[in-house]
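Reading the structure
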Amino acid sequence: MSFIKCCFDPSEVAEIFDTFYQNFTDPGCCCGCFSAFRPRYKRLVDSIFPVYPQDGLVKSNMEKLTFYSLSSPEKLDRIGEYLYQRAARDIYRRRYGFVIIAMEAMDQLLLACHAPTLNLFVESFLKMVQKLLESMEPDLQILATQSFVKFANIEEDTPSYHRRYDFFVSKFSVMCHSGDCKEVRDKIRTAGIKGLQAVVRKTVSDDLVENIWEPVHMDKIVPSLLFNMQESSFHKETPNGDSNPEESVNPPMLAETCLRELVGRASFGHIKAVLKPVLKHFDNHKLWVPNEFAIHTFRIIMFSIQAQYSYTVVETLMAHLDDNAKSSPTIRTSIAEVLSKIIAIAAGESVGPSVLEIINSLLNHLRDSVKNETSQMEEKQYQEALINALGEFANHLPDYQKIEIMMFIMSKIPFPLVDAQTPADNMLQSILLKSLLKVGTKYQTIHLNTTFPVSFLEPLLRMSLAPDPEMRLLVQKIFHTLMDRHCNLDKLNKPTLNVIDLDLNIEKSSRPDLIFINKHGPIIYDALYTSLQMDSNTSDNIEAVYTTLALLCVELASTETAIDLLQLLLGIQNLALTSTSLTNAQKFNLHTLVVSLLVLIADVVNIQQLFDYGNRIIEARREEAPHCLPEILSHYPANCESINKMPHLLVDQMAVCDYLKSSGIDSSRLTQTSPYGAGGPGVLAGSQRHSWMETGARGSIMEIPSVHEVDSAASSPGASRKLPEEDLTFESMKKVLTEPPEIRKEAEAERRKQISHTFRTATFSELIRRTQPKHDILQNKLNEIFKSLSESERNTSSEESKKLPTYEQNFPELFYY
């Protein structure tokens, strides 16, 4: 009976003969007299298995098998195949203890042998690992994964051309999505993640094996990692929160580590192979809203990727934003917010064209957003997210690139500025200005001439005269941000009379700054003056102009700048007195602006007598006209009267000149003709204004009263000017005396408006044609007289007669040129 029980297994009738042969030749068989006829490698393999599996691997026999394998490496493939056959049979019989012993023996042989014939043994090893992974037992799957990880860490001496890992990628990915009970699930998922990590390590380092970066593999690996990372609460914790050390090896954390390694190993050509599955996973599982997990994931990618390739992530994300152009604004806003959180990381490594490419792409998204006819509030949030992304990107760039970005944005703003613009054009201008302001907040101004090159200053000044008051306000805020170098903006954001209590931070102006304001000051002042003439100004617009002028005064503290500013203040006061288009509230605001800046200038330049004079005006206004003192309001009571007929409440030009002289300051420019006309719009020309007739304005052109008045009388001695479009007759003089002054002022204002429109819109040749002399009788007569005089003196000097007489030069053309 013992012979039958030992050599036969009654439960396996179908394999009775195979069982008999195997057991009969087994050394443990009671009648194992035939085992000596079996090959030595089989006998050595059989000897490592104990009678009872719980006793574990027989170590002494394992050492003999290892020595035999090292001395006879050609037998490795047979040893591996035999171990695989035994393990497969034990798995079928559910003798899992012997399976574990066989796998342990495989691992030891794999670590000990590094012969060129190892590839043949590896095939058997991978077949055994695959067999264990196909079983339904979690313990065997985990054991197989651990063996595969050990194998992945071995550097093989010879490459393999035919080995494939499709099954392992698929199986490990399935394990990452295990849905068993929590305890078993976490073990299986952890094993699956470790297996994917091992596959990546094994394949990335060997160029001859299968390309793991193919979409067929990445579409399984990346979503499996993200699926496990979703359950992590790390992306919802505060950055300073303490994490539990016991959770450092849980599936979410392990998946994050694996993703970092995967991204870090990606070369430039393989980055998009990782990013596309990420974006697809977020789209399919609707993970963009809310976007905390998306932000966390992309920050991991940005910090793990090779630094020189980081801008590729930004480009891919913006391309995905293009693909979602038809999606809801909420999704696009979330994607844009993710972009704003990671774009700063890429900024440090972006150089050359890549910077402008990213900026241009963001601006194109903003332009496309204006065209969308969806919910205005949601689109506005989307635009704000893009603007924040733009600002974050610019914040981490060097200053010279920030200037280039601001100039690039300015070049994208649509011109010209006319009242007939569509709402879409106005919105686009507003959005681009907000983008420009966002970049400006990230820039630290050192020298004004570097911050405001001509190609940037001129279009910015043109934008300051836009018809929309909101856009004009944005331009002034841009000036505030770029001019404030000493953190005085918060102290000067509203007009105030207590300038001593402001505790301003003032430094002496540098020579480059003074050269800048001497060169460009006239067009800056002229643009500010012109903007104050617009009847659409709100109280915020006037306060913004005050802040701009106050910053100019503080940042460019010098007597020359003070003279120019005082000249501008007198022009603004004259505008408030004579304008027929401004409301009473706007006039009161201008008077408030003038007196507030007067005391500020006197305090900054330290002119005590002028400061006391300003305080006397303030005290007088407090008693008689408190509405002409800060703060600036949009509406005033109906009983507020104008101060036009109260000279003691106004800033007197002669008094200011006297106080300047007594302080040792040359005030001659204040006594000359002001470049700021009474109510007439200023002319914002190019970067340089050339005049053949200087008026002390240092480059500022005189106001041209009329197109028809610039005729031959402007350059002919003894010629008197006639009133435009009429003769000096008794009837005309009577009309002037009897006509009400209001009608005459309205006519003059309309005429100035037409002149301004002409000089803003007409071409240069048209202006030359209009300003040509029309009445040449007197000029021709004078030419004849001077010609006769020159003929009488021809004999005195032959060389002088050949020169062109001065009176024959065309002064009007020179003037306009």
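Residues numbered from 1 in each chain as written. Predicted model: local features only at pLDDT ≥ 70, side-chain atom pairs only at ≥ 80, totals over all residues. Heavy atoms only, no water.

Structural notes on the overall build of the chain
A count of helical and extended segments in the chain gives 36 helices and 0 strands. Burial status across the chain gives 48% buried among its 817 residues. Intrachain contacts of the chain at a sequence separation of at least 6 include 73% that bridge at least 24 residues. (Helix = DSSP H or I, 4+ residues; strand = E, 2+ residues; numbered from the N terminus. Buried < 20%, exposed > 50% of the residue type's maximum accessible area, 1.4 Å probe, protein only. Contact = heavy atoms within 4.5 Å.)

Comments concerning the side chain of His320
Here His320 shows up in helix α15 (residues 310–323). For His320, a relative accessible area of 8% puts it in the buried group. Not counting residues up to four positions away in its chain, the partners in contact with His320 are Leu279, Asp283, Trp288 and Ile335.

Focus on the environment of Leu568
Mapped onto the elements of the fold, Leu568 is located in helix α26 (residues 559–578). Separated by 43 residues in sequence, Leu568 and Tyr525 place their C-alpha atoms 7.0 Å apart. The contacts of Leu568, once residues within four sequence positions are left out, are Tyr525, Tyr529, Leu549 and Tyr676.

Quick word on unusual backbone geometry
Here Val289 and Pro290 are connected by a cis peptide whose omega angle stands at -5°. Tracing the backbone through its elements, the reader meets Pro290 in the loop between α13 (271–284) and α14 (292–304). Positive phi, normally seen in glycine, also occurs at Lys286, with a value near 55°. Looking at the secondary structure, you find Lys286 in the loop between α13 and α14.

What to know about the packing of helix α10 (residues 182–204) against helix α12 (residues 251–265)
Their axes nearest at 9 Å, the elements α10 and α12 cross at an angle of 10°. Comparing their axes, α12 and α10 come out roughly parallel. On α12, the residues touching Asp186, Arg189, Thr190, Ile193, Lys194, Gln197, Val200, Arg201 and Val204 of α10 are Pro251, Leu254, Ala255, Thr257, Cys258, Glu261, Leu262 and Arg265. A per-class count over the contact of α10 with α12 returns 8 nonpolar, 3 polar and 6 charged. (Axes fitted to C-alpha atoms, helices over the stretch in contact; angles between N-to-C directions. Parallel < 35°, antiparallel > 145°, perpendicular 65-115°, else oblique. Nonpolar A, V, L, I, M, F, W, Y, C, P; charged D, E, K, R; others polar.)

What about the packing of α26 against helix α27 (residues 584–605)?
One way to put it is that α26 packs onto α27 with a least axis distance of 9 Å and a crossing angle of 165°. As summarised for this structure, α26 and α27 are arranged roughly antiparallel, according to the angle between their axes. Crossing handedness for the pair α26 and α27: left-handed. Contacts between α26 and α27 involve Thr559, Ala562, Leu565, Leu566, Leu569, Ile572, Gln573, Leu575, Ala576 and Leu577 on the former and, on the latter, Lys587, Leu590, His591, Leu593, Val594, Leu597, Leu598, Ile601 and Val605. Each residue belonging to the contact of α26 with α27 can be placed in one class, and the counts come to 15 nonpolar, 3 polar and 1 charged. (Left-handed = near helix turned anticlockwise from the far one by under 90°.)

Examining the confidence of the model for the chain
Looking at the chain, pLDDT values average 78 and 76% of them are 70 or higher. Of the regions scoring below 50 in pLDDT, residues 1–21 engages in 20 contacts with residues more than four places distant in sequence or in other chains. Note on residues 27–33: pLDDT is under 50 here. Beyond four places in sequence and across chains, it has 14 contacts. (pLDDT = per-residue confidence, 0-100.)

Focus on the packing of aromatic side chains
Under the definition given, this model contains 20 aromatic pairs. Between Phe148 and Phe168, the aromatic rings sit 4.9 Å apart at their centres with planes inclined by 25°, giving stacked as the arrangement. Here Phe148, found in helix α8 (residues 138–152), pairs with Phe168, found in helix α9 (residues 166–176); they are 20 residues apart in sequence, far enough to count as distant. Classification of Phe148 by relative accessible area gives buried; the value is 0%. Consider the rings of Tyr165 and Phe168, whose centres lie 6.2 Å apart with planes at 50°: the pair is tilted. Across from the ring centre of Phe49, 4.1 Å away, lies the NZ or CZ of Arg86, which sits over that ring. The aromatic ring of Phe151 is capped on one face by Lys202, whose charged end is 4.5 Å from the ring centroid. (Phe/Tyr/Trp six-rings, centres within 6.5 Å; stacked < 30°, edge-to-face > 60°. Lys NZ or Arg CZ within 6 Å of the ring centre and 35° of its normal.)

Considering α14
Its 13 residues place the ends of α14 18 Å apart at the C-alpha level, agreeing with the 18 Å of an ideal helix rising 1.5 Å per residue. Taken as a whole, α14 has its buried residues at Phe293, Ala294, Ile295, His296, Thr297, Phe298, Ile300, Ile301, Met302 and Ser304. (Expected span 1.5 Å × (residues − 1).)

Focus: the nonpolar core
For soluble globular proteins, the rule of thumb is that nonpolar side chains tend to be buried together. One finds Leu83, Phe148, Phe298, Phe452 and Leu549 to be the most contacted residues of the largest nonpolar core, which totals 208 residues. Take this core: its biggest share by element is 12 residues, from α27. When residues no more than four places from it in sequence are discounted, the contact partners of Leu83 are Val45, Ile48, Phe49, Ala102, Ala105, Met106, Leu109 and Met128. Judged by nonpolar contacts, the second largest core, of 11 residues, contains Ala625, Cys628, Ile643 and Met646. (Core = buried A, V, L, I, M, F, W, Y, C linked by side-chain atoms within 4.5 Å.)

Regarding the pattern of salt bridges
Two side chains of opposite charge can pair, provided their charged atoms sit close to one another. Counting across every chain of the model gives 15 salt bridges. Because the salt bridges share partners, they merge into one network encompassing Arg201, Glu261 and Arg265. (Salt bridge = Lys/Arg side-chain N within 4 Å of Asp/Glu carboxyl O.)

Examining helix α18 (residues 376–395)
With 20 residues, α18 ought to run about 28 Å at 1.5 Å a step, and its terminal C-alpha atoms sit 28 Å apart, in line with that. Glu379, Tyr382, Gln383, Ala385, Leu386, Ile387, Ala389, Leu390, Gly391, Phe393 and Ala394 are the residues of α18 that are buried.

Here we look at the environment of Thr580
One can find Thr580 in the loop between α26 and α27. Under the relative-accessibility criterion, Thr580 is labelled partly exposed at 44%. Sequence spacing of Thr580 and Glu746 is 166 residues, and the spatial spacing of their C-alpha atoms is 7.0 Å. Dropping the residues within four chain positions of it, Thr580 is found in contact with Lys745 and Ala749.

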